[in-house]
Amino acid sequence: VYRKCYSSIRHVREKEIIRSNDCVILRPESKVRHGATPYLAKVRCFWEEPISGEILMSLMWYYHPEHTELSARVKEHFLPNELLASKYSDCINVACIEDKCYVLNSNEYN
């Protein structure tokens, strides 16, 4: 399938440039309560859907320990803002982006 791809986009609300390999906070579903833990992901690429003209992105998800099926004993050993990188990818509309964020690996954090 032919797709028009982009190396970056400009976030409408924040006026910030988001590029491939940047991390983003994604808007949770409307049925999720206010103040819920946000979803985070790393952007792989952007493209225009040829039929609808919508801009979509491919991304890799990060998970909070409380969003996993780990046992409570294992979850106790995580730091308060620690995330788990996954190999799970997804394609979603860029309209779901709430803001850009920064995720550090353990070497960068230390």
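This text follows the structure it describes.
Numbering of residues starts from 1 in each chain and follows the order in which that chain's sequence is written. Only residues with pLDDT of at least 70 are given local features in this predicted model, and only at 80 or more are side-chain atom pairs given and counted; all residues enter the totals for whole chains, interfaces and linings. Values reported for side chains reflect all heavy atoms of the structure, with hydrogen atoms and water molecules removed beforehand.

Here we come to the overall build of the protein chain. Only DSSP runs of H or I with at least four residues qualify as helices, and only runs of E with at least two residues qualify as strands; both kinds are numbered from the N terminus onward. Within the protein chain, the regular secondary structure consists of 2 helices and 8 strands. Ordering the α and β elements of the protein chain from the N terminus gives β-β-β-β-β-β-α-β-β-α. Principal axes of the C-alpha set define a box for the protein chain whose edges measure 50 × 35 × 30 Å. Residue-level accessible areas treat just the shown protein chains as cover; the underlying method is Shrake-Rupley with a 1.4 Å probe. Looking at the protein chain as shown, the accessible area adds up to about 8,100 Å², and 51% of this sits on carbon and sulfur atoms.

Let us look at the nonpolar core. Buried residues of nine kinds, namely Ala, Val, Leu, Ile, Met, Phe, Trp, Tyr and Cys, make up a nonpolar core once their side-chain atoms join them within 4.5 Å. Relative accessibility decides the category of a residue: with a 1.4 Å probe and only protein chains considered, values under 20% of the type maximum give buried, values over 50% give exposed, and everything between is partly exposed. Formed by 13 residues in total, the largest nonpolar core has its most connected members in Ile18, Leu26, Phe46, Met57, Leu59 and Ile97. Elements supplying a minimum of two residues to this core: β4 (23-26), β5 (39-48) and β6 (55-63). Not counting residues within four places of it along the chain, the set of residues in contact with Ile97 comprises Ile9, His11, Arg13, Ile18, Val24, Ile25, Leu26, Arg27 and Met57. Membership of the second largest hydrophobic core comes to 5 residues, among which are Cys23, Tyr62, Leu83 and Cys101. Note on contacts: a residue pair qualifies if any of its non-hydrogen atoms lie within 4.5 Å across the two residues.

The description of an aromatic ring pair uses the distance of the two centres, along with the angle that the planes make with each other. Any pair of Phe, Tyr and Trp rings, taking the six-membered ring for Trp, is counted once the centres come within 6.5 Å. Such a pair is stacked with planes under 30 degrees apart, edge-to-face with planes over 60 apart, and tilted for the rest. Taken as a whole and judged by the stated rule, the model has 1 aromatic pair. Aromatic pair Tyr39 and Trp61: ring centres 6.4 Å apart, planes at 80 degrees, arrangement edge-to-face. Of this pair, Tyr39 sits in strand β5 while Trp61 sits in strand β6, and the two are 22 residues apart along the sequence. What makes Trp61 buried here is its relative accessible area of 14%.

Residues forming no salt bridge and having over 30% relative accessible area are the ones grouped into patches, like charges within 9 Å of each other and nonpolar side chains (Val, Leu, Ile, Met, Phe, Trp, Tyr) within 5 Å. Each salt bridge in this description consists of a side-chain nitrogen of Lys or Arg and a carboxyl oxygen of Asp or Glu lying within 4 Å of one another. Together, Leu79, Leu104 and Tyr109 make up an exposed nonpolar region whose accessible area comes to about 360 Å². With respect to the helices and strands, the residue Leu104 is situated in the loop between β8 (97-101) and α2 (106-109).

Moving on: the environment of Tyr62. Position of Tyr62 relative to the elements: it lies in strand β6. Not counting the four nearest positions on each side in its chain, Tyr62 is found in contact with Cys23, Leu40, Ala41, Lys42, Leu83, Leu84, Ala85 and Val103.

Looking now at the pairing of β5. Pairing of strand β1 (residues 4-6) with β5 involves 3 bridges; the strand directions are antiparallel. Residue pairing across strands places Cys5 opposite Trp47, the latter belonging to β5. By the bridge criterion, 8 bridges tie β5 to β6 in an arrangement that is antiparallel. When the sheet's bridge partners are listed, Trp47 is paired in β6 with Leu56. Where β5 folds back onto β6 in an antiparallel hairpin, the turn is made up of 6 residues, including Gly53, whose phi is positive at roughly 80 degrees. Strands were regarded as paired on the criterion that DSSP finds at least two bridges between them.

Below, the discussion takes up the environment of Glu69. Mapping Glu69 onto the fold places it in the loop between β6 and α1 (72-75). For the pair formed by Glu69 and Trp47, sequence separation is 22 residues and the distance between their alpha carbons is 33 Å.

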